[in-house]
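# Structural characterization, general
Each chain is listed here by its residues.
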Amino acid sequence: LDLFSGTGAISFEFLSRGCASVTSVEKAATQFNFIRKVKGLLKEENLTQVKGDVFKFIDKCSMKFDVIFADPPYDLPNFADVPKLLLDSKMLKPGTIIVLEHSKAYDFSQLPHFWQHREYGKVNFSLFLIPDEASDGTSAIYFSLSLTLNHLLIFIKHINQNYEAIIDVSIYFIMPGAVGQGCRQ
């Protein structure tokens, strides 16, 4: 799940790394239409787009997700509410990983299920892991997801170092053969 999808770069990155399906939620018409255009150019059938308010989506959605990525606008008035809303949502299952991108102004380490904090320049990520009752959180799947997330976070770091790089990323996804081959699980 990609919340506050923006250009869709994260959604397409998830797909290029082998996600069987991705749901992208974006409210802004310009960004939503851009994602739709790229989806069409890539002939991507595994991306479901939702045009609407993320907060309403979180409240209503009962579909369970393996990974939830949220990159709310940093100036969003109720930014600090996002992780709690996600943690209280019906979208979680044992093993769900939530990745929240945020500025250094926030510290979510005291929230339930906090797992890791990563910092890349001015960009911070708080990761939450919903425990699997049968696991202590050290199983191979968590190690594998951690490595995949590390690659994804490095990708995001490069985007955020120069915001104009989003244009380059968009071109990357449009070019034939540009989408990488990931492991399907």
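Located in the positive-phi region is F4, a residue other than glycine, with phi close to 60°. One can find F4 in the loop between β1 (2-3) and α1 (9-16). Although it is not a glycine, H113 adopts a positive phi angle of roughly 70°. Turning to its location among the elements, H113 is positioned in the loop between β5 (97-102) and β6 (114-120).

Take the confidence of the model for the protein chain next. Here the protein chain averages 80 in pLDDT, while 71% of its residues score no lower than 70. Counting contacts from residues 137-144, a segment whose pLDDT is below 50, to residues more than four positions away or on other chains yields 10 contacts. Low pLDDT, under 50, characterises residues 159-185; the predicted model gives this stretch 36 contacts beyond four residues in sequence or across chains.

Attention now moves to the nonpolar core. Counting residues in hydrophobic clusters, the biggest one holds 24 residues, and the most contacted among them are L1, L3, I68, L86 and M91. If you list the elements that add at least two residues to this core, you get α3 (54-60), β4 (67-70), α4 (82-87) and β5. With four residues, the single largest contributor to this core is α3. Residues within four places of M91 in sequence aside, it is in contact with L1, F57, I58, C61, M63, K64, F65, I68, L86 and T96. Listed in part, the 17 residues of the second largest apolar core include F12, F14, V22 and Y120.

Rules behind the numbers
- Residues numbered from 1 in each chain as written.
- Predicted model: local features only at pLDDT ≥ 70, side-chain atom pairs only at ≥ 80, totals over all residues.
- Heavy atoms only, no water.
- Helix = DSSP H or I, 4+ residues; strand = E, 2+ residues; numbered from the N terminus.
- pLDDT = per-residue confidence, 0-100.
- Contact = heavy atoms within 4.5 Å.
- Core = buried A, V, L, I, M, F, W, Y, C linked by side-chain atoms within 4.5 Å.
- Buried < 20%, exposed > 50% of the residue type's maximum accessible area, 1.4 Å probe, protein only.

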